[in-house]
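Structural features, examined
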Amino acid sequence: MGTEIEAVNCKAKCEPKQDFYKSQLKQVRTFYDTRMNCGPQTVHTSTQLIQIYMHQVEKRWIVMEYRKKQGFSSGPRQPGIMSTQMKNPFDSKEFLKKRTYSNDNSFAFVVFGASGDLAKKKIYPTLWALFRDDLLPSNTYFIGYARSKLTVDAIREKAEPHMKVADSEREKAAAFWEMNSYVAGSYDKADDFVKLDEAIKATEISAPANRLFYLALPPSVFADVTRLVKEKCMAHDGAWSRVIIEKPFGKDLESSDKLSNHVSSLFTEDQIYRIDHYLGKEMVQNLMVLRFGNRIFGPLWNRDNVSAVVISFKEPFGTQGRGGYFDEFGIIRDVMQNHLLQILCLTAMEKPATTNAEDIRDEKVKVLRSISKIKMEDVVLGQYVGDPNGEGDAKLGYLDDPTVPKGSRTPTYAVAVLYVRNERWDGVPFIIRCGKALNERKAELRVQFRDVPGDIFNGATQRNELVLRVQPNEAVYMKMMTKKPGIGFECEETELDLTYGSRYKDAKLPDAYERLILDVFHGSQINFVRSDELAAAWKIFTPLLHTIERQKQKPIDYVYGSRGPAEGDALCQRVGFRYSGTYKWVPPSPL
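Residues numbered from 1 in each chain as written. Predicted model: local features only at pLDDT ≥ 70, side-chain atom pairs only at ≥ 80, totals over all residues. Heavy atoms only, no water.

1. Concerning the overall build of the protein
Counting its regular elements, the protein contains 17 helices and 16 strands. Residue burial in the protein is summarised as follows: out of 591 residues, 52% are buried. Taking the intrachain contacts of the protein between residues at least 6 apart in sequence as the baseline, contacts between residues at least 24 apart amount to 77%. Split by element, the accessible area of the protein, about 27,100 Å² in all, is 51% carbon and sulfur. (Helix = DSSP H or I, 4+ residues; strand = E, 2+ residues; numbered from the N terminus. Buried < 20%, exposed > 50% of the residue type's maximum accessible area, 1.4 Å probe, protein only. Contact = heavy atoms within 4.5 Å. Areas by Shrake-Rupley, 256 points an atom, 1.4 Å probe, with all protein chains shown as cover.)

Laid out in structure tokens, this is it:
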């Protein structure tokens, strides 16, 4: 009865503890006594489970003691109530209204692929940020799962360089890691998923745990993991389970449909959260409010006034040793078919009936179904080469990356022109362009309006543009003409500028992953991709991708650090976008 002694010892350790914990220890002893009659294998498993459970009870007390020291309530948080001890980036009436956590259910957040890059660079730092800002339910536990034989300390060591932990937050960071555990196991063995289920059950103190599974996994193990999660790890007795799926969602329509059919056979649509982190970015979300919360844009937002829409994604660095992964997918699959197409949908869609997830996603699907087939003459592909006058990585081209297959023709730059064939947008080019090793880091939406009719300024005016700068330096600005100050009567380009860093100086813009993971806790699917939306997106790009791969067309060379191939700019000009190069937006200096 060694476990019985452990239970008594843990009870003694937690002595000035509350009656709640004492009752839990009593329940565990009863559970152990019941299982003693179920055979030696079950006793062994139950003993492990009780030991894990005791550790969880002890960890929960440590976190509660920390919360008491910080002036927080010592018990579970009331639904919809946040601490007043810290400034919160999500502190709004709408957000508070959405907080409907139960005091009874615990939450188990399982990170599959916990040993990988995404986990250490994004997932664990995001979970820490939400924990730090007191945005998660107090009874949330984090369980890492991977094939590697690791410990929580090893994960912590890998993740902490990517976490923002101030000196004053060290104690809270320790409390965060106390809520973590780790299970090592394979991705295709049922017994290992039984172990994972037992680790989750160990977090269930007074009611079944709600379960969130984040699949930060390669496509090769996806089918086995989802099947075993369904068979062995689903929530029970009224608690819910939700599955977060990272891209790539397939490589073309056929593989995407196969993946979607597999997932749909295991989970309902309201359990599936296909994450596209661009939908969590502040300025992408702002598109809805700008369009449908302002009267001034409604009458202008159509083919009669808009000359072209340009959606850009530019990175100033190359593949830097990740070329092997990139080469398998290419820039179109990596960025264009998902991130940039989502921005196009939000730009072009009609006003939804409400801000509910299904109403918004219905309108996005209508846009996708209205996009006509992309013609090869409306596409430019490029691949960067080294700059002989550059320094460091700039001297290296894509094919100089040792992880890239020799002679690869995978594009690192692409421009494609899409047309939405509906009453509002017929004839307006939607230009999507993206690339690596370009002259700047930038992601933006640029709506360029038509020329002013009846020009009286002898061609001195330029087209108006509404620009949403997604990153960096989040901003909304309207490019317009004004009179140049002075005695003369000259025209000058300027802007009406809403730069977030100036207007909202003290506001903390949440990271996209913070917002999206929190949405999963809430059960909000507004910022996630629905299955029919995914299929419609692949129907647009699959014929183009297959044509490129069949023709084995050699991409146009462009120099590292340039704007990309000149043919890309020529295509934009040919379809109606005018780039004058006479004006460059400069972020305003703080007052």
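Okay, back to it.
2. Describing the pattern of salt bridges
Enumeration over the complete set of coordinates arrives at 36 salt bridges. Taking the shortest distance from any N to any O, the salt bridge between arginine 578 and aspartate 451 comes out at 3.0 Å. Here the residue arginine 578 occupies a position in the segment after helix H17 (566-575), and aspartate 451 occupies one in the loop between strand E11 (442-449) and strand E12 (465-471), the gap between them amounting to 127 residues. Arginine 578 sits in the partly exposed class, given a relative accessible area of 36%. Within this structure, Lys314, Glu440, Lys442, Glu444, Arg446, Glu465, Arg469 and Lys479 form a network of salt bridges that share partners. (Salt bridge = Lys/Arg side-chain N within 4 Å of Asp/Glu carboxyl O.)

3. Some details on the packing of aromatic side chains
Following the criterion strictly, the structure yields 22 aromatic pairs and no others. Relative to tryptophan 240, the ring of phenylalanine 107 lies with its centre 5.9 Å away and its plane at 65°, an arrangement referred to as edge-to-face. On the criterion of sequence distance, the pair formed by phenylalanine 107 in strand E1 (residues 107-112) and tryptophan 240 in the loop between helix H9 (222-232) and strand E5 (241-246) is long-range, its members being 133 residues apart. When the ring of phenylalanine 112 is compared with that of phenylalanine 193, the centres are 5.8 Å apart and the planes differ by 25°; the resulting orientation is stacked. Separated by 81 residues along the polypeptide, phenylalanine 112 in strand E1 and phenylalanine 193 in helix H8 (residues 190-201) bring together distant segments of the chain. The pair formed by phenylalanine 112 and phenylalanine 193 is uniform in burial state, with each residue classed as buried. One aromatic cluster is present, formed by Tyr124, Trp128, Phe131, Phe142, Phe176 and Trp177 through successive ring pairs. Of note, lysine 172 hangs over the ring of phenylalanine 131, and the distance from its end group to the ring centre comes to 5.8 Å. Over the ring of tyrosine 579 we find arginine 563, and its NZ or CZ is 4.4 Å from the ring centre. (Phe/Tyr/Trp six-rings, centres within 6.5 Å; stacked < 30°, edge-to-face > 60°. Lys NZ or Arg CZ within 6 Å of the ring centre and 35° of its normal.)

4. Regarding the pairing of strand E7 (residues 306-314)
Where burial is concerned, most of E7 is hidden: 9 out of the 9 residues are buried. Note that E7 and strand E10 (residues 429-435) share 6 bridges and pair parallel. Bridged to valine 310 within E10 is isoleucine 431. (Pairing = 2+ DSSP bridges.)

5. What to know about the environment of glutamate 440
Tracing the chain through its elements places glutamate 440 in the loop between E10 and E11. Distance in space between the C-alpha atoms of glutamate 440 and phenylalanine 317 is 8.8 Å, their sequence separation being 123 residues. At 3.4 Å, the side chain of glutamate 440 and the side chain of lysine 442 are in polar contact. (Polar contact = N/O pair within 3.5 Å; in protein donor to acceptor, adjacent residues only side chain to side chain.)

6. With respect to the sheet that holds strand E3 (residues 180-184)
Spatially, the 7 strands line up as an open sheet ordered E3-E2-E1-E4-E5-E6-E15, and their pairing is mixed. Bordering the open sheet on either side are E3 and strand E15 (528-529), each of which pairs with just one other strand. As paired elements, strand E4 (residues 210-215) and E5 share 5 bridges and run parallel to each other. In the sheet register, leucine 212 faces E5, and the bridge partner there is arginine 242.

7. Some thoughts on the sheet that holds strand E16 (residues 556-559)
Spatial ordering of the open sheet is given by E14-E13-E12-E11-E7-E10-E9-E8-E16, a layout of 9 strands whose pairing is mixed. Because the sheet does not close on itself, it has two edges, and the strands there are strand E14 (491-499) and E16. Neighbouring strand axes in the sheet, compared pairwise and without regard to direction, differ in orientation by 20° on average. Where strand E13 (residues 475-483) lies against E14, 9 bridges are found, and the strand directions are antiparallel. Of the residues in E14, the one forming a bridge with methionine 481 is glutamate 493. Taken strand by strand, H17 contacts strand E8 (379-385), strand E9 (413-419), E10 and E16, and its axis lies near 10° from that of E9. (Axes fitted to C-alpha atoms, helices over the stretch in contact; angles between N-to-C directions.)

8. Comments concerning unusual backbone geometry
Here the residue pair glutamine 471 and proline 472 is connected by a cis peptide bond, since its omega of -15° sits within 30 degrees of zero. Topologically, proline 472 is positioned in the loop between E12 and E13. Of note in the backbone geometry, aspartate 134 takes a positive phi value of approximately 65° without being a glycine.

9. Quick look at the nonpolar core
Membership of the largest hydrophobic core comes to 152 residues, with the highest contact counts inside it found for Phe109, Phe112, Leu196, Ile332, Leu344, Leu418 and Phe541. Looking at which element gives the most residues to this core, the answer is helix H12 (residues 323-348), with 12 residues. Residue contributions to this core reach at least three from each of two domains, namely domain 1 (104-246) and domain 2 (279-511 + 530-575). Excluding its chain neighbours within four sequence positions, the residues that come into contact with isoleucine 332 are Gln337, Leu381, Ala414, Phe541, Leu544, Leu545 and Ile548. (Core = buried A, V, L, I, M, F, W, Y, C linked by side-chain atoms within 4.5 Å. Domains from an automatic or database assignment.)

10. Section: H17
Among all positions of H17, only Gly568, Leu571, Cys572 and Val575 are buried. The buried side chains of H17 occupy one side of the element, clustering within an arc of 100° when seen end-on. Exposed residues lying more than 90 degrees from the buried face of H17 are Ala566, Gln573 and Arg574. Immediately downstream of H17, the backbone of glycine 576 shows phi near 125°, a positive value. (Arc of directions from axis to C-beta.)

Function-wise, these values are silent; they only describe arrangement.
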